[in-house]
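# Structure at a glance
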Amino acid sequence: PVASSAAPATSAASTTASGSTLMGPDITETEVRSLFSLWNNALATGDSRIVAKRYANQAILLPTVSDVPRTDFDSIKDYFDAFLLKQPQGEILEGEIRIGDGWCQDAGIYEFTMGATGDKVKARYTYTYVFENNEWKIA
């Protein structure tokens, strides 16, 4: 599934050379929160390529359990190659949503259940999204 279903048809966007848009379509708080479900569903596939595709072309991933910033598709995929072995599934416990012109953000506390072990890990999260190639992607 793509995030375009989370974005109404109204749009005043202009595309940059990298495929990013300067302004995306309007998005509601409910739709912003649903973007987490798209990412969480990508985790459930166990395929690091599907997860990495949820990230924008110029994304910066600062993983909770890694001290290595990930700044391109290959390094993001590499992180998830290892993380997905734990069979993680996340649940947002509390969060705040912000919406701007061409971006939105969801930040708060979530908890992962690791299907491989049953362990639960609570952590802080911040997802900033940009509208790129006709869908909302994690920046």
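Data block above holds the structure.
Attention here is on the structure that accompanies the text. (Residues numbered from 1 in each chain as written. Predicted model: local features only at pLDDT ≥ 70, side-chain atom pairs only at ≥ 80, totals over all residues. Heavy atoms only, no water.)

Before going further, it helps to spend a moment on the overall build of the protein chain. Secondary structure assignment for the protein chain yields 3 helices and 4 strands. Along the protein chain, helices (α) and strands (β) appear in the sequence α-α-α-β-β-β-β when read from the amino end. Buried residues in the protein chain amount to 41% of all 139 residues. For the protein chain, restricting intrachain contacts to residue pairs at least 6 apart in sequence, the fraction spanning at least 24 positions comes to 53%. When the accessible surface of the protein chain is totalled, it reaches about 7,600 Å², and 51% of it is carbon and sulfur. (Helix = DSSP H or I, 4+ residues; strand = E, 2+ residues; numbered from the N terminus. Buried < 20%, exposed > 50% of the residue type's maximum accessible area, 1.4 Å probe, protein only. Contact = heavy atoms within 4.5 Å. Areas by Shrake-Rupley, 256 points an atom, 1.4 Å probe, with all protein chains shown as cover.)

Right, let's get into unusual backbone geometry. In this model, Gln87 sits at a positive phi of 55 degrees, which is unusual for a non-glycine residue. In this fold, Gln87 is placed in the loop between helix H3 (73-83) and strand S1 (88-100). For Gln87, a relative accessible area of 48% corresponds to the partly exposed category. Notably, Asn133 is not glycine yet its phi reads approximately 50 degrees, a positive angle. Among the structural elements, Asn133 can be located in the loop between strand S3 (120-132) and strand S4 (135-138). For Asn133, a relative accessible area of 48% translates into the label partly exposed.

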